[in-house]
Amino acid sequence: MNLRLILWEALVEAYDNFYSLMLINVLWFLVTLPLVTAPAAAAGLYYSTNHLAHHGSFSWRIFFEGFRKHFWLGWRWALVNLFVLVVLAANFIFYGGFEGDWTTLVRGGVIWLVILWLLLQLYTFPLLLEQVDRRMLVAVRNSVVLYIKSPGLSLGLIVLFILIAVLSSILWIPWIIISVSLITFLTQKVMLAVLETVPSK
């Protein structure tokens, strides 16, 4: 698997779909503002970029189709993430009340678990859209498989996302205009490329 070629082709496709990605990002931002609609807005975001990743065309109707079609899937994904992060945060705070070198190791381990969980979430929702079995646990397991299957490609993707995040944070406006949809689109292009190498059962 040519890692550079896959990432380059994904970036070229992102460039070709720049205006669609911009529209998706703006729709996601506006629909997320009420906060209560944020999980469903994320579903619309991933659904739209998934559609583009499969070489489909885009209109604003596709975003709201994903919003409606995967409303509860978006909420389930968000609530599972909230639960996991709250449990990990509670453990971090709890062990902070003890003294000793071992507490530093335990709290460091909790931080690593948070990072690992967030990295798995790069693939989790896109996999929920691709899987027939849409259980969260299955998507998380398959996210692990994708990292194991192509660690170099996933690492390259993470480095690219860090660069996008840093530049977007300096300028701020890109978060509203393009950054989030670009990240989700690139994730799904890489995910589809890796899935093509996995033998079907």
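Above this text is the structure in question.
We now turn to the structure provided with this report. Just so it is clear, the structure is predicted and the values come from calculations on it, not from any experiment.

Conventions used here
Residues numbered from 1 in each chain as written. Predicted model: local features only at pLDDT ≥ 70, side-chain atom pairs only at ≥ 80, totals over all residues. Heavy atoms only, no water. Core = buried A, V, L, I, M, F, W, Y, C linked by side-chain atoms within 4.5 Å. Buried < 20%, exposed > 50% of the residue type's maximum accessible area, 1.4 Å probe, protein only. Helix = DSSP H or I, 4+ residues; strand = E, 2+ residues; numbered from the N terminus. Contact = heavy atoms within 4.5 Å. Salt bridge = Lys/Arg side-chain N within 4 Å of Asp/Glu carboxyl O. Expected span 1.5 Å × (residues − 1). Axes fitted to C-alpha atoms, helices over the stretch in contact; angles between N-to-C directions. Left-handed = near helix turned anticlockwise from the far one by under 90°. Nonpolar A, V, L, I, M, F, W, Y, C, P; charged D, E, K, R; others polar. Parallel < 35°, antiparallel > 145°, perpendicular 65-115°, else oblique.

**Observations concerning the nonpolar core**
Phase 1 of the analysis: Leu21, Tyr123, Phe125, Leu186 and Val190 are the most contacted members of the largest nonpolar core, which has 57 residues in total.
Phase 2 of the analysis: Ranked by residue count, the leading element in this core is helix H10 (residues 179–195), at ten residues.
Phase 3 of the analysis: Those residues in contact with Phe125 that lie beyond four places of it in its chain are Ala43, Tyr46, Leu73, Gly74 and Trp77.

**Topic: the pattern of salt bridges**
Phase 1 of the analysis: All told, the structure shown has two salt bridges when counted by the stated rule.
Phase 2 of the analysis: We note a salt bridge from Lys189 to Glu13, for which the minimum N-O separation is 3.0 Å. In this pair, Lys189 is assigned in helix H10 and Glu13 in helix H1 (residues 3–16), connecting sequence segments 176 residues apart.
Phase 3 of the analysis: Judged by its relative accessible area of 13%, Lys189 falls in the buried class.
Phase 4 of the analysis: The partner of Asp133 in a salt bridge is Arg135, with the nearest N and O atoms 2.6 Å apart.
Phase 5 of the analysis: For Asp133, a relative accessible area of 30% corresponds to the partly exposed category.

**Some words on unusual backbone geometry**
The bulk of non-glycine residues show a negative phi, and the bulk of peptide bonds are trans.
Phase 1 of the analysis: For Leu35, which is not glycine, the phi torsion reads 70° and is therefore positive.
Phase 2 of the analysis: Relative to the assigned elements, Leu35 resides in the loop between helix H2 (18–32) and helix H3 (38–53).
Phase 3 of the analysis: Even without a glycine there, the phi angle at His55 is positive, about 65°.
Phase 4 of the analysis: In this structure, His55 sits in the loop between H3 and helix H4 (60–69).
Phase 5 of the analysis: The exposed category is assigned to His55, whose relative accessible area is 60%.

**A closer look at helix H5 (residues 71–95)**
Phase 1 of the analysis: Look at H5: 37 Å from first C-alpha to last across 25 residues, which is about the 36 Å you get at 1.5 Å a residue.
Phase 2 of the analysis: The complete set of buried residues in H5 reads Leu73, Gly74, Trp77, Asn81, Val84 and Leu88.
Phase 3 of the analysis: Taken together, the buried residues of H5 touch H3, helix H6 (101–130) and helix H7 (136–149).

**Some points on the packing of H2 against H10**
Phase 1 of the analysis: Taken N-terminus to C-terminus, the directions of H2 and H10 make an angle of 115°; their axes are 7 Å apart at the nearest point. In this structure, H2 crosses over H10, and the sense of that crossing is right-handed. Residues Leu21, Met22, Ile24, Asn25 and Trp28 of H2 form the contact with H10, whose participating residues are Ser179, Val180, Ser181, Leu182 and Phe185.
Phase 2 of the analysis: Residue composition of the contact of H2 with H10, by class: seven nonpolar, three polar and no charged.

**Thoughts on the packing of helix H8 (residues 151–171) against H10**
Phase 1 of the analysis: One can describe the packing of H8 onto H10 by two numbers: an axis separation of 11 Å at closest approach and a directional angle of 175°. By the criterion of interaxial angle, the relationship of H8 to H10 is roughly antiparallel. Counting all contacts with H8, which are made through Leu153, Leu157, Leu160, Phe161, Ile164 and Ser168, the residues of H10 involved are Ser179, Leu182, Ile183, Leu186, Thr187, Val190 and Val194.
Phase 2 of the analysis: For the contact of H8 with H10, a count of residues per class yields ten nonpolar, three polar and no charged.

Functional significance is not addressed by these values, which are geometric in nature.
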